[in-house]
Structure formats: structure tokens, C-alpha cells
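Each chain is listed here by its residues.
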There are 2 protein chains.
Amino acid sequence: MKKATREQTKAHNKNLVLNAIYAHCEISRADLARITHLTRSTVSEIVTELIDDGLIKEIGLGESAGGKPPILLCIESEANHVLGIDLASGEFRGAVINLRGEIKNRVDLSVENITGEEALLVVYQLIDRLLELTDRPILGIGIGAPGLMDTDNGVVRYAVNLGWQDLHLGELLKDKYQLPVYIANDSQVSALAENSFDSNTQVDNLVLIKVGRGVGSGIILNQQLYCGDGSGAGEIGHIKVDQPGELCRCGNRGCLETLISSRAIRQKAKEIARETPHAYLNTSVADIESITLEDVYAAYQNGDPDIQALISHAGQSLGQVFASLVSVLNIQRIVIAGSMSIFGDGLIKSVLNSLEASALPALVNGTQITTSKMGEEIVMLGAASMVLQHELGII
Amino acid sequence: MKKATREQTKAHNKNLVLNAIYAHCEISRADLARITHLTRSTVSEIVTELIDDGLIKEIGLGESAGGKPPILLCIESEANHVLGIDLASGEFRGAVINLRGEIKNRVDLSVENITGEEALLVVYQLIDRLLELTDRPILGIGIGAPGLMDTDNGVVRYAVNLGWQDLHLGELLKDKYQLPVYIANDSQVSALAENSFDSNTQVDNLVLIKVGRGVGSGIILNQQLYCGDGSGAGEIGHIKVDQPGELCRCGNRGCLETLISSRAIRQKAKEIARETPHAYLNTSVADIESITLEDVYAAYQNGDPDIQALISHAGQSLGQVFASLVSVLNIQRIVIAGSMSIFGDGLIKSVLNSLEASALPALVNGTQITTSKMGEEIVMLGAASMVLQHELGII
């Protein structure tokens, strides 16, 4: 516990007003007072400060409720921009994002066969390019990276694919760009994106599972990202679900990743195509090697029984891990994101079947599983959301 | 978000001072100011209020640091008493507990073959008896009950063994005794006890697993009990760990409880004793039926290989669930309580082996697993701690 001060009270109430304006798009001072339960004069004082800060503006008159029509307030979307960076999608992606979470500009840079120090140079290049694309003051840089992060200290502890270990990325970028920098795991920031920018998923508690080349999750408790003792909360990709199971790149066997990552699914689909001449998967050897996840999805949709069995089995494994998630956290809102979410309702059905058989029915009832609607920009938006939350208190 | 007020700031700082006095046993006003970072005059003002409330007292002079020796303050342990009730240990147990978490009086009542309405009457009887044993003002009643609770509303949703479903226990007791009542699951309050009263386990995040007749856990995040969307967080006893597995009383198969609850272990030890004449377990049929967990433990300690294999297998199943816990929460402090914790280091070794093979090594490193030192009073103490936290803000 730390002491509470009058300054904290003031800052808290300023956040409260800013969040209310953010949530309601166009709102009068009177309505702000009603929603926040602050007095009219406190609201007016805070609004004046926020207008002076350039964060909000008056945008005209609302409808009169009898007397004088009220002046409506809204966020000054372009007051500041934020850089949202995604290092976890096979290439390095970056976006200039405004205060409303709208993407103003995008830059993608290839990192094929690039790791270590070289990959770091690509991060600098990406940021340099993004900074050239905006003339607004930059509030900060948010980064979603693959692997284990030390969120508190901005350190990438392990990112196998990038060949980074204990890289003090936060410090390096802070020194180079003189801007606030926030780093978290890509699944963790995706959960923030879902929580901040999808109006259908504004709940107190939420788990987002990102199933792509790797498998991870982000946990939102009381509208805040929960990271745990070592920033690794949600690292569910290496929970053992198969006995003895295939060897995983982590050194253990039977990890969830070996059964449901897009990498694993493509690998298994190739094996299926090699073994049996298939109606839907292309079977000439040259093509088998280039089977994409979209090819697998097409075969799935066309009713290929082996591919359907493959996805069903993958979904069951995921359901087993969901059973643990639901039993540990009793969270009723689970969102599946990442490239594997294209398998949609079919995948969710297998997940649910297995979940129901693997956890207390009373806990499973009421659990809602959906796929994310946010698309491939989710990590960049989540990274930006992290900056908005830390710098402006916008949840 | 809710508005912050000056009253909240005041209440927060009063809690801060009370917690500091609670933590330090004997402390001066000057040291309180140093620890809390509040001004000397704010501390003096709050101390006067707390003395007026009767919650703290002056107990004499401390050592001089040069000038006038300081007056030492401490908690008035007997200012109020709290009732801590345990409905989850085969009998109904209750204690009168002081503000320091010291048990002043105990009452245990048998509930063998008693369920439903009758069991509720035993709860009343227990509370009546406890109230007769103290003449101090009662701060509130805390209850740890088996099964699924609705903590917010004080409702027992399901307690199979007691034959209770949707029992509004909190309301009934509040009406009858005109006292504040707090109810949570027995594993959840045990985690609170460990967090509040074991000075070795004062960390921010902690999971306590209670393995007795049932299996459950309590999760402390940022020093607060985390209950989830439906108060069921930590209900890990019915996570599926065995394929296909034995039928569990929840209706599913292969639940953790079927492998490691004291009930399951006694059952399996009986089967072992029936199948093979054993050196350490008593094998005459009449006695086999009465084998206790202590008998199983004696056989285990004497090196009975079948019993050692039984415990090792149970520990492995628990390790599998710990893998999920550690991966989801990244919590480094896990405490095992309940009757099965007598298997101590041997059990922990099997758990660790399985944990290491079933989760990302980087997450597992640094995880500390110990057994609780709190003994059979843990649920009563945790229930009391819940009252202290809600009524006085003492963590």
C-alpha cells in the first residue's frame, strides 16, 4: 500500500473525465457530471485543463433539454499520434495510430532470415520510416514482440525466432528516440486491443488466445493487462497436452503448440497430403511443400475428412487448455485470434466439446468463446493501446 | 472507474497507518511517518482517531535515538473479536479470533449424515456457542465453505456434501445475528490465511492448493483474493488429467480429484491392500475398510513401493495442473495445504518433475513450491482474515 495524496485524487478524476469523453464520443459537461458523479464545477475545471492540454475540443451544440443547448466535447483524435509496432507476424509491421485507435499510416519491413543485431536495425528503420509519416507529437512507442518479455523493464528475455536474449529493447529505443517505450508479448497486447477497441468485448475480465505460428494468450483482469511475477502470464503454448507427444522447440514434448500452431497444422496437412492422394489438397510433391494455411482451410471447408479430423483434434487439445484457463480464472469471455481463427465456428465447436468434458460443468456454463474480428492489425493496435493507457490513462 | 474523493484519500491513509502498526507490532509515530511517507501531523491525527476507535493503544516508551524516547503504539488485539467458521472439514468448526489472528476459543460440531436444512441448524448452533464464549464486540462472521460460492452475494451455489444449492447463507446469518457476514470457498480463504498470517509467504501473488477430501485452490493477486467472473476462480479439482479416467462425482471422467484427493488415495490404498498382502498396510479385510490417510502415510514413510508409486503418480497429476497454473498466471509462489500435504517433500518432488516436463522451462524456473505450516485451523483463520480485510482494511 502507498499513501494517497490530493494530487492522486485530482489525476484520477481527470482520467475519469477523459475516459468518459473517450467512451461517449460527443458529450456535454452536464452529462459528464452525471456519468462521473463529480460536481459540475470539478468537471468544468478538468474540461478546461483538457482543452488547454489539446486533448479534447468543443465541437458545437447538442440538443437542448429545454434550456440553453449544451456544448458538446470530443477527443481531439489527432492531438497526438502513437507508434504501434508488431514484431511477431513474420515481418516487422508498424503503424502511426491516432488517439481514437485509427491507423493513419502503415509500414511493413521483411525480416526473412534476419535475426539478432540485424533485426534490431530493422526495428530502427521501421520507427524512422513511421516518424517521417507524421507531423503530430508522438505520445510514445508501443511494441508487441514474440516470446518472453520483462514488461516492467522493457527487456526481451527470449525471442527464439528473432535470436534475441535479454535484449534491453526499451532502453535502446528510449535513448535513441527520447520517447516513452512500452513492450509486452504479442498475445498480451492483442488482448489489450480487443479490450480497448472492440466495443463488443468491453467486459471486466477477458482472455485472448492468439493461435498463429506460436500459441499464447493475454489476460485482462479488471480492465488491466495481468502479467504475473515474471511478465510471462498467459504463456500457454507450452502446456503439455499430449502423452508422450511430439518434440517441441522448447525441449519438452506434447506442448499445445505442437498440435495447433499454424506451423504444426501446415506440417501435418503436408504429411496427410503425402500419405494419401487427396481430392482437396494438392498432392504433387512440389506443391505439397508450399501448402499454405489457406489451402488447408479450403480443404477443411470442402469437407476433406482427414483435414477435418486434424482440426477437430487440434481444437480438442485447445479445449483441454481452456479447461485449465476456465478453472483457474473463472473468466467467461474467451476470444480466439491469430491466423488459426479462420477455422471459426468449426474450431470453436471442437474446443467446446473438449472443454465441457474437461472442467466443472458449473464453471463452463456461461463461458463465451468467439473469434476476434480485429484482423491482422491487432498487435499494432494493442501496442498503441498500451501507450494510451500508460500515458493518458485511457483504458 | 469511480470518482476519487477526499474522504477516500483519508480512509486509504488511515488503512495505511493501521496496516503499518499491524505489521510492525510496536512502532512509534515517527517511524510510522517514515514508513508511510505521510507527514508527522497526518500520522498523529490518524493515530488519535485509531486510539479513539479503540483499535490501537500506547504501550510505553521505546529506545531514545538521542532525544525524548518515543511512545510505542500497538494493535489492541482484543478490541474486537471475529468469528471464523470452517464448513469444509468433515465437521463444522468455529473459532473466536482476535485482531491478531490468535484463536481464543474453539467449537467443533459433528455433521455426520447431516445435510440440507439440518446442517444449516448446526451452523446456527455453532455461531450461538461461539458468541457465548466472548464478551468482546464482534466485527463480523467469516465463513469458508466447500463448493461453489457466489462471494459477492454470500450465496452457496453448490455444496454437494452438505446438500446445499443456492442457499442464501450470508443473508440468513446477517438477518439472524445483525453482523457483517463474508463467505468464500474454503480453498480461497485458506489462501487468504496463508497470505495474512504466515510471515514467510508475504508476497504479492500466491496460489494455495488445498488437497483434502476435495481439491481446490485460492489465488491471491496483488495481495487480494481473486475470485473471477462467477466467484469460482481456482476450482482446479475437476480439470481433466487422465484419459479416459475414472468417473468423478461431477459427472466427467479423469478429474484431478479422482487421482489425488485424500478420498481417492484412501480408496486406492484399500485396493492395493486387498490385492497384495502388504507389509505396511493392514490387510485383514475388516481393517482394510478403516484404513486412514495416516495409515497410508505410515506405509509411504516405511518405503512400501506400491504406496510410493501411488503418491508419485498423484503428484505427477498435480504437477500437470501446476503446469497450467504457472503458464496461465506466472505466479512463482505455490503452497500446498490440506490433509495430503503430510506427504511433504516426497509429493513436491513428483509434482516438480511433472511440472518441469509440462510447461515452458523459463516459466518454471523460479517457481517455489512448499507445504503450508498453518495446520488444520487454516480455513477458520482465513475466514477471519476476510472479515479483517473487509471491515478494517487489514491485509
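Everything below is about the structure printed above this text.
Structure report, in brief. (Residues numbered from 1 in each chain as written. Chains lettered and ligands numbered in written order. Predicted model: local features only at pLDDT ≥ 70, side-chain atom pairs only at ≥ 80, totals over all residues. Heavy atoms only, no water.)

### A closer look at the overall build of chain A
Item 1. In terms of helices and strands, chain A carries 14 helices and 16 strands.
Item 2. With the C-alpha coordinates of chain A rotated into their principal frame, the extents come out at 75 × 50 × 45 Å.
Item 3. Burial status across chain A gives 57% buried among its 395 residues.
Item 4. Nonlocal contacts in chain A, meaning residues at least 24 apart in sequence, comprise 60% of its contacts between residues at least 6 apart.
Item 5. Approximately 16500 Å² of chain A is accessible, and the part contributed by carbon and sulfur atoms is 46%.
Item 6. Of the charged side chains in chain A, 32 are positive and 48 negative, and the gap between their average positions amounts to 4 Å. (Helix = DSSP H or I, 4+ residues; strand = E, 2+ residues; numbered from the N terminus. Buried < 20%, exposed > 50% of the residue type's maximum accessible area, 1.4 Å probe, protein only. Contact = heavy atoms within 4.5 Å. Areas by Shrake-Rupley, 256 points an atom, 1.4 Å probe, with all protein chains shown as cover. Lys, Arg positive; Asp, Glu negative; His and termini not counted. Charge placed at Lys NZ, Arg CZ, Asp CG, Glu CD.)

### Overview of the pattern of salt bridges
Item 1. By the definition in use, this model includes 30 salt bridges over all chains.
Item 2. Among the ionic contacts, a cluster of salt bridges with common partners joins Glu91, Arg93, Arg106, Asp108, Glu376 and Glu377 of chain A. (Salt bridge = Lys/Arg side-chain N within 4 Å of Asp/Glu carboxyl O.)

### A closer look at the sheet that holds strand E9 (residues 155–159) of chain B
Residue and element names in this part refer to chain B.
Item 1. On the basis of which strands lie adjacent, the open sheet formed by three strands has the order E8-E9-E10 and antiparallel pairing. A single partner strand is all that each edge strand has here, and the edge strands are strand E8 (148–150) and strand E10 (164–167). Put simply, the sheet's adjacent strands are angled 20° from each other on average, direction ignored.
Item 2. Note that E8 and E9 share three bridges and pair antiparallel. Within E9, the position partnered with Met149 by the bridge is Val156. (Pairing = 2+ DSSP bridges. Axes fitted to C-alpha atoms, helices over the stretch in contact; angles between N-to-C directions.)

### Notes on the environment of Leu32 of chain A
Item 1. For Leu32 of chain A, the position within the fold is in helix H2 (residues 29–36).
Item 2. Residue contacts for Leu32 of chain A: discarding those within four places in its chain leaves Val17, Ala20, Ile21, Ile27, Val43, Val47 and Leu73 of chain A.

### Considering the sheet that holds strand E6 (residues 103–110) of chain A
Residues and elements named next belong to chain A.
Item 1. Strand order across the open sheet formed by five strands is E6-E5-E4-E7-E11, with mixed pairing between neighbours. The open sheet is flanked by E6 and strand E11 (181–185), the only strands paired with a single partner. Each strand of the sheet is rotated relative to its neighbour by a mean of 15°, with strand direction disregarded.
Item 2. The sheet contact formed by strand E4 (residues 81–86) and strand E7 (residues 138–145) spans six bridges and is parallel. For Leu83, the partnering residue across the bridge sits in E7 and is Ile141.

### Remarks on unusual backbone geometry
Item 1. With an omega of -10°, the peptide bond running from Gln243 of chain A to Pro244 of chain A counts as cis.
Item 2. Considering the arrangement of structural elements, one finds Pro244 of chain A in the loop between strand E14 (224–226) and helix H7 (257–260).
Item 3. Residue His37 of chain B is not a glycine yet carries a positive backbone phi of 65°.
Item 4. When you line up the elements, His37 of chain B lands in the loop between helix H2 (29–36) and helix H3 (40–52).
Item 5. Taking relative accessible area as the criterion, His37 of chain B reaches 57% and is therefore assigned exposed.
Item 6. Located in the positive-phi region is Gln223 of chain B, a residue other than glycine, with phi close to 70°.
Item 7. Tracing the sequence through the fold places Gln223 of chain B in the loop between strand E13 (215–221) and strand E14 (224–226).
Item 8. Overall, the relative accessible area of 16% leaves Gln223 of chain B in the buried class.

### Overview of helix H1 (residues 6–24) of chain A
Item 1. Taking 1.5 Å per residue as the helical rise, H1 of chain A with its 19 residues ought to reach 27 Å, and the 27 Å between its terminal C-alpha atoms agrees with that figure.
Item 2. Burial in H1 of chain A covers these residues: Thr9, Asn13, Leu16, Val17, Leu18, Asn19, Ala20, Ile21 and Tyr22 of chain A. (Expected span 1.5 Å × (residues − 1).)

### Comments concerning the side chain of Thr9 of chain A
Item 1. Considering the arrangement of structural elements, one finds Thr9 of chain A in helix H1.
Item 2. With near-sequence residues (within four places) excluded, Thr9 of chain A lies in contact with Ala4, Thr5 and Thr9 of chain B.

### Thoughts on the interface of chain A and chain B
Item 1. Across the boundary between the two partners, chain A contributes 55 residues, which contact 56 residues of chain B.
Item 2. Carbon and sulfur atoms make up 58% of the surface buried where chain A meets chain B, a total of about 4400 Å² over both sides.
Item 3. Our count for the chain A to chain B interface comes out at zero salt bridges.
Item 4. Counting across the interface, chain A meets chain B through 28 residue pairs in polar contact (both at pLDDT 80 or more).
Item 5. Mapped onto the side of chain A that touches chain B, the elements with two or more residues apiece are H1, strand E9 (155–159), strand E13 (215–221), helix H11 (305–329), helix H12 (344–358) and helix H13 (361–364) of chain A.
Item 6. Tallying contributions element by element places H1 of chain A first for the side of chain A that touches chain B, with seven residues. (Buried area = accessible area lost by both parts, 1.4 Å probe. Polar contact = N/O pair within 3.5 Å; in protein donor to acceptor, adjacent residues only side chain to side chain.)

### Remarks on the packing of aromatic side chains
Item 1. For the structure shown, the criterion picks out six aromatic pairs over all chains.
Item 2. Ring geometry for Tyr297 of chain A against Phe343 of chain A: centres 5.4 Å apart, planes inclined by 85°, an arrangement best described as edge-to-face. One end of the pair, Tyr297 of chain A, is in helix H10 (residues 293–301); the other, Phe343 of chain A, is in the loop between strand E15 (333–337) and H12, with 46 residues separating them in the sequence.
Item 3. Both rings, one in Tyr300 of chain B and one in Phe343 of chain B, keep their centres 5.1 Å apart while their planes meet at 85°; by these two values the pair is edge-to-face. Residue Tyr300 of chain B is found in helix H10 (residues 293–301), and its partner Phe343 of chain B is found in the loop between strand E15 (333–337) and helix H12 (344–358); the two are separated by 43 residues along the sequence. Both residues of the pair, Tyr300 of chain B and Phe343 of chain B, count as buried.
Item 4. Ring pairs connect the aromatic residues Tyr297, Tyr300 and Phe343 of chain A, which therefore count as one cluster.
Item 5. Cation over ring: Arg100 of chain A sits above Tyr22 of chain A, and NZ or CZ is 5.2 Å from the ring centre.
Item 6. Just above the ring of Tyr124 of chain B sits the side chain of Lys176 of chain B; from NZ or CZ to the centre is 4.8 Å. (Phe/Tyr/Trp six-rings, centres within 6.5 Å; stacked < 30°, edge-to-face > 60°. Lys NZ or Arg CZ within 6 Å of the ring centre and 35° of its normal.)

Read these as layout, nothing more, since geometry by itself doesn't imply function.
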